[in-house]
Amino acid sequence: ERSLFSSDFLWGSASAAYQIEGAWNEDGKAASIWDEFVKQPGATYKGTTGNIAVDHYHRYKEDVKLMAEQGLKAYRFSISWSRIIPNGKGEINLEGLKFYSDLIDELLKYGIEPIVTLYHWDLPYALQASYGGWESREIIQDFTEYAKVLFEMFSDRVNYWVSLNEQNIFIMHGYLFATHPPAVKDPKRMYEANHIANLANASVIKAFREGGYKGKIGPSFAYTPSYALDCQPENCLAAEQHQELLSYFWMDCYVRGTYPRLAMKVLEDKGLAPTQLPGDSELLKAGRPDFMGLNYYQTATLEANPSDGIGFDSKMNTTGEKGKSESKGLPGLFKTAVNPTLETTNWDWTIDPVGLRLALRRIASRYDIPILITENGLGDFDKLEEDGTVNDANRIDFLEKHVSEIGKAIEDGVDVLGYCTWSFTDLLSWLNGYQKRYGFVYVDRDEESEKELTRIKKESFYWYKDIIKSNGLS
Ligand code: BGP
């Protein structure tokens, strides 16, 4: 049997600073918007925070050793801006730089390719407080300056950079659902902040090009491909609206430097179109990425939504009791329906491996760009058995089917650079606490006590080890 994956395929796994590091106020780090947000009662599941998280900041050597044991080819992690530049602008914190420099060296020692995310949602709180974070154009320059510090310091050792992680998620949750900081519910402000984030993303990519750094850079997008319920024509239209407004709206900006025409018409009609200034369009066009980072978890099934208004509400399932989520969708355009052909996770996310092949094909077809899968995984309640094992058969099944669909997409002609599972160790799920686990490595902690945070290899750890070794065959 011949592997469908190239010999340099990046078999990886991913994490983000706030979700693993802990040490939230150590060695010169200042607070991020998440450090502040979690202090508000009811902000997160049972009030969980990343103050300690899984203590990766102090245990990174142990974690990297486990990665090496598994044979990981790549590891995606994010850098916490407020460790590097505590106030968001101005003075650089050398201790922060040293932490990531040491982490990169540790990875390279074992031949693991670092994939570095510049921004995974933990904005320095000072920038939120002083000018409203993503709502001010000042952030374009500050984000670019911060990125340049990292390019200068690390681009001799780093070949893959992710600019913004899931802009669509942090913007929609931050300014529409009010479930992420700054917890605003205002579609007008959302589209303004989003436009500024687009400009900041493009500005960083432009700076990367102008600096002549080696390596590749691109954003990671949370792409949820859409299906029409029952193939009814009006539901097909709803699915297209969903695709335009929730996917192409972002990806077109990244790759083409323009907003999709039909989505923009919807915003104009509703008085929600963002302010565009002279020069914006040129900047967006100068920010074409080298690859599209794809975070794929699920597909959505849509039906027509005859109601009117501009609200877009959703109720999240943060407890893991099936059937607790509800999405109303966009009035007049679409609403989410249950797909009778798909199983769901305990948190009501559809399980759809073919959806990954579809996502890859759609991106490749529309944009003709290489794709780096920067996240994919199953959140589950894993159980540590008396005998010290964790049999996460569900996760193995989930990942195996997704890997197989990647193989098929490669056969279809999609250029896939690599696959990072979410996540390597268990870690904090932003809104669902520590009980929603994704890792190959179990971390022994619960909501009440931090315990010893002992690392325990799950069954999936060994499964992925074999996949990597055989380059995707087993
Ligand atoms: C993505 C984020 C990750 C991670 C993942 C799982 O949206 O980029 O940081 O959290 O989703 O999501 P959750 O923790 O909500 O299950």
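As the structure is a computational prediction, the values presented were derived from the model and not from experiment.

**What about the site of the ligand?**
Moving on, step 1. By nearness alone, 14 residues border the ligand, and Gln 19, Glu 166, Ser 429, Lys 436 and Tyr 438 come closest of all.
Moving on, step 2. Contact between the ligand and Gln 19: an oxygen atom at 2.8 Å from a side-chain N or O atom of the residue.
Moving on, step 3. Its free accessible area being 380 Å², the ligand has 92% of it covered by the protein chains.
Moving on, step 4. Residue composition of the shell around the ligand, grouped by class: six nonpolar, five polar and three charged.

**Focus on the sheet that holds strand β12 (residues 371-375)**
Moving on, step 1. A barrel is described by the order of its strands in space; here eight strands give the closed sequence β1-β2-β3-β4-β5-β7-β12-β13, paired in parallel fashion. Across the sheet, the mean angle separating the axes of adjacent strands is 25° when strand polarity is ignored.
Moving on, step 2. Bridge count for strand β1 (residues 10-14) against strand β13 (residues 416-422) is five bridges, and the pairing is parallel. Across the sheet, Trp 11 pairs through a bridge with Tyr 419, a residue of β13.
Moving on, step 3. Strand contacts of helix α5 (residues 94-109): β2 (74-78) and β3 (113-119), with the helix running at about 170° to β2, the strand carrying the most contacts.
Moving on, step 4. Packed on one face of the sheet, helix α10 (residues 233-256) meets β5 (216-222) and β7 (292-295) and runs near 170° to β5.

**Comments concerning helix α14 (residues 393-412)**
Moving on, step 1. In this model α14 runs 29 Å from its N-terminal to its C-terminal C-alpha over 20 residues, within 8% of the 28 Å that 1.5 Å per residue would give.
Moving on, step 2. Listed as buried for α14 are Arg 395, Ile 396, Phe 398, Leu 399, His 402, Val 403, Glu 405, Ile 406, Gly 407 and Ala 409.
Moving on, step 3. Packing partners of the buried residues in α14 comprise β1, α13 (353-367), β12, β13 and α15 (459-469).
Moving on, step 4. After α14 finishes, the residue Gly 413 shows a positive phi value of roughly 110°.

**Details of the UniProt feature "active site" (unreviewed entry) in the protein chain**
Moving on, step 1. Residues given the UniProt feature "active site" (unreviewed entry) here are Glu 375.
Moving on, step 2. Here Glu 375 is to be found in strand β12.
Moving on, step 3. Residue class for Glu 375 comes out buried when judged on its relative accessible area of 4%.
Moving on, step 4. Discounting residues that sit within four places of it in the chain, Glu 375 has contacts with Arg 76, His 120, Asn 165, Glu 166, Leu 294, Asn 295, Tyr 296, Tyr 297, Cys 420 and Trp 422.
Moving on, step 5. In this structure the side chain of Glu 375 is engaged in a polar contact, spanning 3.1 Å, whose partner is the side chain of Asn 295.

**Points about helix α7 (residues 138-154)**
Moving on, step 1. The first and last C-alpha atoms of α7 sit 25 Å apart over 17 residues, in line with the 24 Å expected at 1.5 Å per residue.
Moving on, step 2. Taken together, the buried positions of α7 are Ile 139, Ile 140, Asp 142, Phe 143, Thr 144, Tyr 146, Ala 147, Val 149, Leu 150, Phe 151 and Phe 154.

**Observations concerning the confidence of the model for the protein chain**
Moving on, step 1. When pLDDT is averaged across the protein chain, the result is 95; 97% of the residues are at 70 or more.
Moving on, step 2. Scoring of the predicted complex yields 0.97 for pTM and 0.98 for ipTM.

**Topic: the packing of helix α9 (residues 187-210) against α10**
To characterise two packed helices, one gives the angle between the axes of the helices and the distance between these axes.
Moving on, step 1. Two elements in contact, α9 and α10, have axes whose closest approach is 10 Å; the angle formed by their N-to-C orientations is 30°. On the basis of their axis angle, the class for α9 and α10 is roughly parallel. Between α9 and α10 lies a crossing whose hand is right-handed. Of the residues in α10, those touching α9 at Tyr 191, Asn 194, Asn 198 and Asn 201 are Phe 249, Trp 250, Cys 253 and Tyr 254.
Moving on, step 2. Tallied by class, the residues present in the contact of α9 with α10 amount to five nonpolar, three polar and no charged.

**Notes on the packing of aromatic side chains**
Moving on, step 1. A full pass over the atoms with the stated rule returns 41 aromatic pairs.
Moving on, step 2. Ring geometry for Trp 463 against Tyr 464: centres 5.9 Å apart, planes inclined by 25°, an arrangement best described as stacked. Tyr 464 shares its class with Trp 463; the two are buried.
Moving on, step 3. Among the aromatic residues, ring-to-ring pairing joins Phe 5, Phe 9, Trp 11, Tyr 419, Phe 440, Trp 463 and Tyr 464 into one connected group.
Moving on, step 4. The side chain of Arg 366 reaches across the aromatic face of Tyr 248, ending 3.7 Å from its centre.
Moving on, step 5. The ring of Phe 461 carries the charged tip of Lys 457 above its face, separated from the ring centre by 5.8 Å.

**Focus on the sheet that holds strand β11 (residues 335-337)**
Moving on, step 1. Pairing in this open sheet of three strands is mixed, and the strands run β6-β8-β11 from one edge to the other. Each having just a single partner strand, β6 (226-228) and β11 make up the two edges of the open sheet. Strand-to-strand twist across the sheet, computed as the mean angle between neighbouring axes with direction ignored, equals 50°.
Moving on, step 2. Pairing of strand β8 (residues 300-303) with β11 involves three bridges; the strand directions are antiparallel. For Thr 301, the partnering residue across the bridge sits in β11 and is Ala 337.

**A look at the pattern of salt bridges**
Moving on, step 1. Applying the stated criterion across every chain yields a total of 32 salt bridges.
Moving on, step 2. The partner of Lys 148 in a salt bridge is Glu 145, and the shortest N-O contact between them spans 3.8 Å. Here Lys 148 and its partner Glu 145 are both found in helix α7, three residues apart, which amounts to about one turn of the helix.
Moving on, step 3. Among the residues examined, Lys 148 registers a relative accessible area of 34% and is labelled partly exposed.
Moving on, step 4. Classification of Glu 145 by relative accessible area gives partly exposed; the value is 37%.
Moving on, step 5. Measuring nitrogen to oxygen at the nearest pair gives 3.4 Å for the salt bridge that ties Glu 210 to Lys 206. On the criterion of helical spacing, the pair formed by Glu 210 and Lys 206 is a turn pair, its members being four residues apart in helix α9.
Moving on, step 6. Looking at Glu 210, the relative accessible area reads 60%, which means it is exposed.
Moving on, step 7. Taken together, the shared-partner salt bridges connect Asp 382, Asp 392, Arg 395, Asp 426, Arg 437 and Lys 458 into one network.

About the thresholds
Residues numbered from 1 in each chain as written. Predicted model: local features only at pLDDT ≥ 70, side-chain atom pairs only at ≥ 80, totals over all residues. Heavy atoms only, no water. Near = heavy atom within 4 Å. Polar contact = N/O pair within 3.5 Å; in protein donor to acceptor, adjacent residues only side chain to side chain. Areas by Shrake-Rupley, 256 points an atom, 1.4 Å probe, with all protein chains shown as cover. Nonpolar A, V, L, I, M, F, W, Y, C, P; charged D, E, K, R; others polar. Pairing = 2+ DSSP bridges. Helix = DSSP H or I, 4+ residues; strand = E, 2+ residues; numbered from the N terminus. Axes fitted to C-alpha atoms, helices over the stretch in contact; angles between N-to-C directions. Contact = heavy atoms within 4.5 Å. Expected span 1.5 Å × (residues − 1). Buried < 20%, exposed > 50% of the residue type's maximum accessible area, 1.4 Å probe, protein only. UniProt positions renumbered as here; feature names shortened; annotations may be inferred. pLDDT = per-residue confidence, 0-100. Parallel < 35°, antiparallel > 145°, perpendicular 65-115°, else oblique. Left-handed = near helix turned anticlockwise from the far one by under 90°. Phe/Tyr/Trp six-rings, centres within 6.5 Å; stacked < 30°, edge-to-face > 60°. Lys NZ or Arg CZ within 6 Å of the ring centre and 35° of its normal. Salt bridge = Lys/Arg side-chain N within 4 Å of Asp/Glu carboxyl O.

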